[in-house]
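Survey of secondary and tertiary structure
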Amino acid sequence: MAKTALIVIDMINTYDHDDAVLLIPSVEASLPAVTRLLDRARRLDIPVIYVNDNFGQWRSHHGEILETALQGPHADLVRSVAPDDASLFVVKARHSAFYETPLSYLLAQQGVEHVVLCGQVTEQCVLYSALDAHIRHLRVTVARDAVAHIHPDLAEAALRMMERNMGARISTADDVRF
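What counts and how
Residues numbered from 1 in each chain as written. Predicted model: local features only at pLDDT ≥ 70, side-chain atom pairs only at ≥ 80, totals over all residues. Heavy atoms only, no water. Axes fitted to C-alpha atoms, helices over the stretch in contact; angles between N-to-C directions. Helix = DSSP H or I, 4+ residues; strand = E, 2+ residues; numbered from the N terminus. Parallel < 35°, antiparallel > 145°, perpendicular 65-115°, else oblique. Contact = heavy atoms within 4.5 Å. Nonpolar A, V, L, I, M, F, W, Y, C, P; charged D, E, K, R; others polar. Expected span 1.5 Å × (residues − 1). Buried < 20%, exposed > 50% of the residue type's maximum accessible area, 1.4 Å probe, protein only. Arc of directions from axis to C-beta. Polar contact = N/O pair within 3.5 Å; in protein donor to acceptor, adjacent residues only side chain to side chain. Pairing = 2+ DSSP bridges.

Now for the packing of helix H5 (residues 122-135) against helix H6 (residues 152-166). Geometrically, a packed helix pair is captured by the angle between its two axes and the distance between the axes. One way to put it is that H5 packs onto H6 with a least axis distance of 9 Å and a crossing angle of 10°. With respect to each other, H5 and H6 are oriented roughly parallel. Facing H5, whose interface residues are Thr122, Glu123, Val126, Leu127, Ala130, Leu131 and His134, H6 presents Leu154, Ala155, Ala158, Leu159, Met161, Met162, Asn165 and Met166. Grouping the amino acids of the contact of H5 with H6 by side-chain chemistry returns 11 nonpolar, three polar and one charged.

Next up on the list: H6. Compared with the 21 Å implied by 1.5 Å per residue over 15 residues, the 20 Å span of H6 between its first and last C-alpha is a close match. Residues of H6 that are buried: Ala155, Ala158, Leu159, Met162 and Met166. Projected down its long axis, H6 shows its buried positions confined to an angular sector of 100°, all on one face. Along H6, exposed side chains directed more than 90 degrees from the buried face belong to Asp153, Arg160, Arg164 and Asn165. Buried residues along H6 sit against H5, strand S5 (139-148) and strand S6 (169-171).

This part is about the environment of Ser87. Relative to the helices and strands, Ser87 resides in the loop between helix H3 (76-79) and strand S3 (88-92). Separated by 49 residues in the primary sequence, Ser87 and Leu38 have C-alpha atoms spaced 10 Å apart. Discounting residues that sit within four places of it in the chain, Ser87 has contacts with Arg42, Val48 and Tyr50. At a separation of 3.4 Å, a polar atom in the side chain of Ser87 contacts the side chain of Arg42. A distance of 2.8 Å separates a polar atom in the side chain of Ser87 from a polar atom in the side chain of Asp84.

A few words on the sheet that holds strand S1 (residues 3-9). Pairing is parallel across the open sheet formed by six strands, whose spatial order is S3-S2-S1-S4-S5-S6. Lying at the two open borders of the sheet, with one neighbouring strand each, are S3 and S6. For this sheet, the mean angle separating the axes of adjacent strands, direction not counted, is 25°. Of the strands in this sheet, S1, S3, strand S4 (112-120) and S5 touch H5, which is tilted by about 175° from S4.

Structure representation (structure tokens):
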């Protein structure tokens, strides 16, 4: 059976951006599913890889990104999904988790052939990461209840595109097959 990794996209966030007011309710709704996915992956010894925006802070590193988010006004949205000591962390600067990051190399080193995506934003970073995973011949699963959106209609369209155009498996967090 192919090795799987759970990819957690942009959940370490200060929510200090223009779309935050639209995004936060969806993040709150997705947190229980993201937490269940994380718990299950960790219990099954599935690699958990956080891929997170650096928010234009080119001197930042994963610890600093996490600490800043945990000190911010929306720490409650970060605390339950924070990386543990076994988690891996990749810093990104653009929408895709793969764009000019070492993620492809890391997945190859881990022997990963299947990625499960959760996080935010469905119609942006999750969509572009799914496409980049697909063109790298990785199998993709997206946990629809563990991804947050800004615009519900665009999120639904993005999920349909991932399923139809990329062959992604769209399931609930509880039905994800690691």
